[in-house]
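Summary of structural features
The chain contents come next:
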Amino acid sequence: MYHAISGCPGSGIREKPELDHAIEAANALAVVSQELMETIRNAHLALEDCVDGRGGSAALVRAGELLHQVRGALQRTETYGAALLTEEMELGCKYLAGLRAGKGREDGLDALTRAMVQLPVYIERLLGGGRDIALVLLPMLNDLRAARGEPLLSEGTLLLLNL
């Protein structure tokens, strides 16, 4: 009787540690990184147009559409923490596009601008071999949620989502 023992040399079965998965995700991210960063840059430019008063709500809608593309790529590369941040940014764009100028909109645009700066930094960290840990994004996620009047996320929520 033959028994294959997982992880034993010559068994043909290999355990796949978490580190291997992180490396695979980083490799997948690296394949799309140039186009991904360009799309984020274009979303940032659209947001700046809105903040500077040149593009109005249409610029926010455009930024949201670009962020939707970014989120899809991040989900496909299993970069879930960054995808969650991008989803909150996209929702923020949609929400703020429907608001008139005022304190609520300004606070939301400020949170979006900070997230737009942080997202490429976070992705670069992942490309450099860092782990995708949504917990480090929690303050930014909650700033974006607060701008929309949504309940804030807790550390426990992110852990339950296994992010």
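The notes below deal with the structure included here. (Residues numbered from 1 in each chain as written. Predicted model: local features only at pLDDT ≥ 70, side-chain atom pairs only at ≥ 80, totals over all residues. Heavy atoms only, no water.)

Re the overall build of the chain
The criterion, for reference: Helix and strand labels come from DSSP, where a helix needs a run of H or I of at least four residues and a strand needs a run of E of at least two; each type is numbered from the N terminus. Using a 1.4 Å probe on the protein chains alone, a residue whose accessible area is under 20% of its type maximum counts as buried, one over 50% counts as exposed, and one in between counts as partly exposed. By definition, residues are in contact when any of their heavy atoms lie within 4.5 Å. Here the accessible surface of atoms and residues is derived via Shrake-Rupley with a 1.4 Å probe, and residues count as covered only by protein chains that are part of the display.
Regarding its fold elements, the chain presents six helices and zero strands. Its helices and strands in sequence order give the chain the pattern α-α-α-α-α-α, from N to C terminus. A burial count over the chain gives 39% of its 163 residues as buried. For the chain, long-range pairs separated by at least 24 residues make up 59% of all intrachain contacts whose partners lie at least 6 apart in sequence. Looking at the chain as shown, the accessible area adds up to about 9400 Å², and 55% of this sits on carbon and sulfur atoms.

Some words on the pattern of salt bridges
The condition that has to hold: Put simply, a salt bridge is a Lys or Arg side-chain nitrogen that is within 4 Å of an Asp or Glu carboxyl oxygen.
Scanning all chains against the criterion turns up 10 salt bridges. The salt bridge partner of R71 is E90, with a shortest N-O separation of 3.1 Å. Taken together, the residues span a long stretch of sequence, with R71 in helix α2 (residues 56-76) and E90 in helix α3 (residues 80-97) at a distance of 19 residues. Residue E90 is classed as buried on the basis of its relative accessible area, which comes to 4%. D143 is paired through a salt bridge with R114; the nearest N and O atoms lie 2.9 Å apart.

Focus on the environment of A111
Along the polypeptide, A111 turns up in helix α4 (residues 103-127). In this structure, the C-alpha to C-alpha distance between A111 and N142, residues 31 residues apart in sequence, is 9.5 Å. Ignoring sequence-local partners within four residues, the contact set of A111 consists of M140, D143 and L144.

Regarding α2
The line we're drawing: Each helix should span, by expectation, one fewer than its residue count multiplied by 1.5 Å.
Across its 21 residues, α2 extends 31 Å between first and last C-alpha, which sits within 8% of the 30 Å expected from 1.5 Å per residue. Residues of α2 that are buried include every one of A59, L60, A63, G64, L66, L67, V70, R71, G72, A73 and L74, and no others.

What about the packing of α2 against α3?
Just so we agree on the cut-off: Here an angle of 0 to 180 degrees is reported between the N-to-C directions of two axes, which are lines fitted to C-alpha atoms, with helices fitted over the stretch in contact. Each angle is binned into one of four classes, with values under 35 degrees roughly parallel, values over 145 roughly antiparallel, values of 65 to 115 roughly perpendicular, and all other values oblique. Here a crossing is called left-handed whenever its near helix is offset anticlockwise from the far helix by less than a right angle, and right-handed whenever the offset is clockwise.
Orientation of α2 relative to α3, taken along the N-to-C sense of each, is 160°, at an axis distance of 8 Å. Taken together, the axes of α2 and α3 are roughly antiparallel relative to one another. Viewed along their axes, α2 and α3 form a crossing whose handedness is left-handed. Residues S57, L60, V61, A63, G64, L67, H68, V70, R71, L74 and Q75 of α2 pack against Y80, A82, A83, T86, E87, M89, E90, C93, L96 and A97 of α3.

Quick word on α4
Its 25 residues give α4 an end-to-end C-alpha distance of 37 Å, which sits within 8% of 36 Å, the value for a rise of 1.5 Å per residue. One or two residues past the end of α4 sits G129, with phi positive at roughly 105°.

Here's the deal with the side chain of R105
Formally: In this tally, Lys and Arg are treated as positive and Asp and Glu as negative; His is ignored, and so are the chain termini. Polar contact criterion, stated in full: a pair of N or O atoms within 3.5 Å, where within protein one must be able to donate a hydrogen and the other to accept it, and residues adjacent in sequence count only if both atoms are side-chain atoms.
You can see R105 is positioned in helix α4. Salt bridges are absent for the buried R105, whose nearest opposite-charge side chain, E106, sits at 5.5 Å. Within the local environment of R105, its side chain forms a polar contact with the backbone oxygen of L99, the two atoms lying 2.7 Å apart. Leave out the neighbours within four places in its chain, and R105 touches C50, G56, S57, L60, L96, A97, L99 and R100.

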